[in-house]
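Each chain is listed here by its residues.
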Amino acid sequence: MQITQETDYAVRLVDVLARSGVHMEAGVLSEQAHVPLRFSAKILRSLVKSGIVCSRKGAHGGYRLARPAGDITLLEVLEAVEGPYRICRCQGEIYQCSHTACRFSAIYEEITGIVREKLALYTFAVSDQNRDT
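The structure contained in this document is the topic of the report that follows. Since the structure is predicted, the reported quantities are computational estimates derived from the model, not experimental observations.

It is worth spelling out the nonpolar core at this point. The biggest cluster of nonpolar side chains holds 24 residues, and the ones touching the most others in it are Val14, Leu29, Leu47, Ile52, Val53, Leu65 and Val77. Listing elements by their share of this core, those giving two or more residues are α1 (5-20), α2 (26-33), α3 (37-49), β2 (62-65) and α4 (74-82). Ranked by the residues each element gives to this core, the list is headed by α1, at seven residues. Sequence-distant contacts of Val14, that is, excluding residues within four places in its chain, are made with Leu47, Ile52, Leu65, Ile72, Val77 and Phe124.

Have a look at this one:
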């Protein structure tokens, strides 16, 4: 399993904003995050909608984090782009599993819980704790 390219881009964008601490124009932000501008716009809309990033129009506008970097988790960013994290589609409400007694369902739930807990431990705070892990 691996995260999508969109999620990787979202993490990069949030990380650049966390490190800068200022409003950044979309083009500059995209360039510093090494994310194509056309993808940045879509991803930034998702991040704004989820309350991770806020935007301001005008001459001194741009994007910045909506909350302190230490309050924004890797899990939040991942889920802002991809929706709720699940290791298997059968964990979602929409999917209807045809197996009435799947012996792997509980295992998938456990693994999903562990991964979610781990992702929630890491924030975008610029500190030794986050750099060394």
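Having put the structure on the table, let's press on.
Further remarks concern the pairing of β2. The side chains of a regular strand alternate, first on one face of the sheet and then on the other. Two elements, strand β1 (residues 53-56) and β2, share four bridges in a ladder whose sense is antiparallel. Residue pairing for β2: Ser55 is matched across the bridge by Tyr63. In this antiparallel pair of consecutive strands, β1 and β2, the connection spans five residues, and Gly58 shows a positive phi of 110°.

A word on the side chain of Ser30. Considering the arrangement of structural elements, one finds Ser30 in helix α2. Look at Ser30 and you get buried, because its relative accessible area is 3%. Of note is the side chain of Ser30, whose polar atom sits 2.6 Å from the side chain of Ser40. Not counting chain neighbours up to four residues away, the residues in contact with Ser30 comprise Leu13, Val35, Leu37 and Ser40.

Tallied over the entire structure, the rule returns one aromatic pair. Seen from their ring centres, Tyr9 and Phe39 are 5.7 Å apart, and the 50° between their planes marks the pair as tilted. Placement of the pair is Tyr9 in helix α1 and Phe39 in helix α3, with a sequence separation of 30 residues. By relative accessible area, which is 8% here, Tyr9 ends up buried.

What follows concerns the pattern of salt bridges. With the rule as written, the count across this model stands at five salt bridges. Among the salt bridges present, the one from Glu79 reaches Arg116, with a minimum N-O distance of 2.1 Å. Of this pair, Glu79 sits in helix α4 while Arg116 sits in helix α5 (residues 105-121); the two residues are 37 residues apart in sequence, bridging distant segments of the chain. Assessed through its relative accessible area of 22%, Glu79 is described here as partly exposed. Relative accessible area serves as the criterion here: at 29%, Arg116 is assigned to the partly exposed category.

Structurally, the position occupied by Asp8 is in helix α1. Asp8 sits in the partly exposed class, given a relative accessible area of 27%. Separated by 73 residues in the primary sequence, Asp8 and Val81 place their C-alpha atoms 9.7 Å from one another.

Each value, and the rule that gives it
Residues numbered from 1 in each chain as written. Predicted model: local features only at pLDDT ≥ 70, side-chain atom pairs only at ≥ 80, totals over all residues. Heavy atoms only, no water. Core = buried A, V, L, I, M, F, W, Y, C linked by side-chain atoms within 4.5 Å. Buried < 20%, exposed > 50% of the residue type's maximum accessible area, 1.4 Å probe, protein only. Helix = DSSP H or I, 4+ residues; strand = E, 2+ residues; numbered from the N terminus. Contact = heavy atoms within 4.5 Å. Pairing = 2+ DSSP bridges. Polar contact = N/O pair within 3.5 Å; in protein donor to acceptor, adjacent residues only side chain to side chain. Phe/Tyr/Trp six-rings, centres within 6.5 Å; stacked < 30°, edge-to-face > 60°. Salt bridge = Lys/Arg side-chain N within 4 Å of Asp/Glu carboxyl O.

This is a description of form; function is not addressed.
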